[in-house]
Amino acid sequence: MFSVDSEMVYGLSDSMRCRDVKKDEMANFSGSSSLKLNGTADSTNSDCTHANSLTFSSGPGEAGSLGLTGLQNLGNTCFMNSALQCLAHTPKLVDYFLEDYGRELNHDNPLGMNGEIALAFGDLLRKLWAPGASPVAPRMFKSKLARFAPQFSGFNQHDSQELLAFLLDGLHEDLNRVKCKPYTEVKDGDGRPDGEVADEYWHNHLARNDSVIVDVCQGQYKSTLVCPVCRKVSVTFDPFMYLSLPLPSTTMRTMTLTVVSSSGDGMFQLLPYTISVPKHGRFEDLTRGLSSACSLGADETLLVAEVYNHRIIRFLEDPTDSLSLIRDADKLVAYRFMKDNGDAPLVVFINQQMEMQYIHGTMTPHWKAFGIPVVAKLCNTINGSDLRNLYLKWFRPFQNSIEETLENCAVSKQTEEVAEMQGVTAPSSDLNASGLETPSDRGMEFYITDEKGAVKNSKILMNEPLAINGELKMLHVLVCWSEKQIKKYDIQLCSSLPEVFKSGFLAKRPQESVSLYKCLEAFLQEEPLGPDDMWYCPGCKEHRQASKKLDLWRLPEILVIHLKRFQYSRYLKNKLETYVDFPVENLDLSDYITHGSNKSYHYTLYAVSNHFGSMGGGHYTAFVHHGGDQWYDFDDSRVNPISKEKIKSSAAYVLFYRRVFETYKCTEGEPWRKEYKNMEKPMEKRNAHLAVLTAALDLSSTVMSDTCTSTIVLEAALSVNGTTDFSHSAH
């Protein structure tokens, strides 16, 4: 048992909060020989409104210095040091490990680590709280960690939250008071009252899990799943050790699409639109957001296509398709049409131009697609000339010289008329040196082709009707451009499409700001399960993409909140630099708790695990509250004061809160005081004196850090009846 001759303090005594506070304030507290943090004798009295601090007095010259001990960096172990310092300043846990916790070690738990992790952590914590300690090298703890969690072996950088999750779970299993875990059957709610089901789940959980970690750090949330087909509702209640909150920017996804629309004069426009959609939403969410962004009329519709290598590879038409099927690097085009042309078949034009490339050391011409595929409705299109005019109308905004184009069109029309009069087709193509057919310099060649534009079937003649049967839904046309035609248009304007999302390797986005409450609301918001996380519906007897809703049911005394800053995908690792505005002194969760709505759930911040920098080269530190307005920055072995204003930053990664219980403050109008004054029998008054004084002495025995609160309670005991002699009661 590690102890020093010191005063037992409930949190920080007021005399420790600031160095310039008078020493005579210590007279308000009683003495004790053991070092304690946030006295654990009584759960009701151990969390008072003003008792927020965590320091100790251990003799002259050392007041307020206990716990201000750094941890040496053993080589990329800042993530471990940050998490350890936050836990090493956690109320109740410090008291627990500074006392004789060895009697609760569970050496027989197959899920535990033979008590070795708990012993290593307890030994390290005692060194950190030793008087006059110098920076500690946590080598023994690191070796135990590497033994039982090989993912943390070596000297690579890791995640402080992942270490924290492993450590809390490991400490729980090493200290689990349940030696033989009973079998418990998980039952669904099946329409029973939530309170009954929740208590059953919690009872079953405690029957198998009972430790100081469960006592202090575990809560319970309600999980509701609804089948989208049979509407089967499944309600379960699960324990949690911490809350992993998404940043609202991670629940929404930014997508950029190019909308192709026709203006009033028949000319086409290409406009990019960026919209926000639910990250795990469906295609109908995208079309709804895009329709609003581009002010789509009630008589209009959108046809969205994915374009790859200047060809349409698929149309996105199923409204129930998941948006996760669309990657950030994809390129999407939305074609805008009038609904009254809905029955008309579609024509998809694929643009091609002749390019020269080296093949086996020789310059060889070949056809290459360019630009954005043109999609139009075949309305009143009779012959090849109508088809060509429909196509050219799309490119009119990209003309370099209108006069030259009009002249060309006139010459081309005269040639066709002469040819028609003579009963022959005008020559329109030549053979180049390689024997490859190329369009003449006078115009473009149109061919019927397949979806990929890989083959040339029949050539479309300008003066002949189109052979379209009534069942045709989509016609694919390959348009081969001559070199002269290419020069008449600025095809670069219609060749580049923005990606759905362009991240950029080192691109720095403008910093976003969001409140912690918004993060919590995003966590509790109903959302569909991902396609890789399907739920087996007991009603349908099949896996379904159900909707899921979480609600907070029980909240722990110590609430750990993990901000999900790191995003991992198959192609990208990213860190969100969003500034989260979190309360320091009064996190009020009363409106977010489903069970016990008449209770108050207020929390105060006492530690923060920070991550500065990027994914690869970041650094972890910890901010720890040390009484009053005094905070300290734990940066490995360096420990320095830090102003309260600097606690909140975009580096905050894991937040540590402890619940604050309201104290009862006495006033003349309180019912108990009126009831006491109306007492006539001396024995009743004496019993009332004893009850009030006992409550005051109970609070005094835990030595409350707030002298104001202590005075209120003692004053209540002494002022119930000023003429009463308390000497006998006190004795």
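What comes next concerns the included structure.

Thresholds, definitions, all that
Along every chain, residues carry numbers that run from 1 in the direction the sequence is written. Given that this is a predicted model, residues contribute local features only at a pLDDT of at least 70 and side-chain atom pairs are listed and counted only at 80 or more, while totals for whole chains, interfaces and linings are drawn from all residues. The basis for every side-chain value is the complete set of heavy atoms in the structure, and neither hydrogens nor water enter the calculation. Strands qualify as paired when DSSP identifies two bridges or more between them. Only runs of H or I of at least four residues qualify as helices and only runs of E of at least two qualify as strands under DSSP, and these elements are numbered from the N terminus. To obtain each axis, a line is fitted to C-alpha atoms, and for helices this fit is confined to the stretch in contact; angles are then taken between N-to-C directions over 0 to 180 degrees. Two residues form a contact once any of their heavy atoms are found within 4.5 Å. The span one expects for a helix is its residue count, reduced by one, times 1.5 Å. Note on exposure labels: buried denotes an accessible area under 20% of the residue type's maximum, exposed denotes more than 50%, and partly exposed covers the range between, all computed with a 1.4 Å probe on protein chains only. None of His or the chain ends enter the tally, which takes Lys and Arg as positive and Asp and Glu as negative. Just to be clear on terms, a salt bridge is a Lys or Arg side-chain nitrogen sitting within 4 Å of an Asp or Glu carboxyl oxygen. Convention used here: angles under 35 degrees read as roughly parallel, angles over 145 as roughly antiparallel, angles from 65 to 115 as roughly perpendicular, and any remaining angle as oblique. Crossings are assigned a handedness: left-handed for a near helix turned anticlockwise from the far helix by less than a right angle, right-handed for a clockwise turn. Polar here means any residue outside two lists: the nonpolar Ala, Val, Leu, Ile, Met, Phe, Trp, Tyr, Cys and Pro, and the charged Asp, Glu, Lys and Arg; Gly therefore counts as polar.

### Some details on the sheet that holds strand β5 (residues 268-278)
An order of β5-β4-β8-β6-β7 is seen for the 5 strands of this open sheet, with the pairing classed as mixed. Every other strand in the sheet has two partners, leaving β5 and β7 (311-316) as the edge strands with one partner each. Mean inter-strand twist for the sheet, computed between neighbouring axes without regard to direction, equals 35°. Judged from the 5 bridges that link them, strand β6 (residues 300-308) and β7 form a sheet pairing that is antiparallel. Within β7, the position partnered with Y308 by the bridge is R311. Docked against the sheet, helix α10 (residues 283-293) engages β4 (252-262), β5, β6, β7 and β8 (331-338), running at close to 130° with respect to β5.

### Section: helix α4 (residues 116-128)
At 3.6 residues per turn, the α-helix brings residues three or four places apart onto the same side. Taking 1.5 Å of rise per residue, 13 residues should cover 18 Å, and α4 covers 18 Å from first to last C-alpha, within 8% of that figure. Summarising burial for α4: 10 of the 13 residues are buried, a large majority. Residues of α4 that are buried include every one of E116, I117, A118, A120, F121, G122, L124, L125, R126 and L128, and no others. Turning to α4, the residues buried within the fold contact α2 (78-87), α3 (93-98), α5 (139-148) and α6 (160-174).

### Quick word on the pairing of β8
Counting buried positions over the 8 residues of β8 gives 6, a clear majority of the element. The pairing of β4 with β8 spans 3 bridges and is parallel. Within β8, the residue paired with T258 across the bridge is V333. Relative to β8, β6 is paired through 8 bridges, and the arrangement is antiparallel. What sits directly across from T301, in β8, is F337.

### Some thoughts on the side chain of D636
Mapped onto the elements, D636 comes out in the loop between β28 (631-635) and β29 (638-642). Although buried, D636 forms no salt bridge, and the nearest oppositely charged side chain, R638, lies 5.3 Å from it. With near-sequence residues (within four places) excluded, D636 lies in contact with G70, L71, N73, C78, N81 and H619.

### Some points on the packing of α4 against α5
Interhelical geometry of α4 versus α5 gives an angle of 160° and a closest axis separation of 9 Å. Taken together, the axes of α4 and α5 are roughly antiparallel relative to one another. Relative to α5, α4 is oriented so that their crossing is left-handed. For the pair formed by α4 and α5, the contact residues are E116, I117, A120, F121 and L124 on the first element and F141, K144, L145, R147 and F148 on the second. Of the residues contributing to the contact of α4 with α5, the split by class is 7 nonpolar, no polar and 3 charged.

### Some details on the sheet that holds strand β1 (residues 219-226)
Strand order in the open sheet formed by 4 strands is β2-β1-β20-β17, and the pairing between neighbours is antiparallel. Taken across any chain shown, the strands that pair with only one partner, and hence form the sheet edges, are β2 (233-240) and β17 (527-528). Examined bridge by bridge, β17 and strand β20 (residues 547-554) share 2 bridges and lie antiparallel to one another. Bridging across to β20, E527 finds its partner in K548. Packing of helix α7 (residues 194-208) onto the sheet brings it into contact with β1, β2 and β20, and relative to β2 it is tilted by some 40°.

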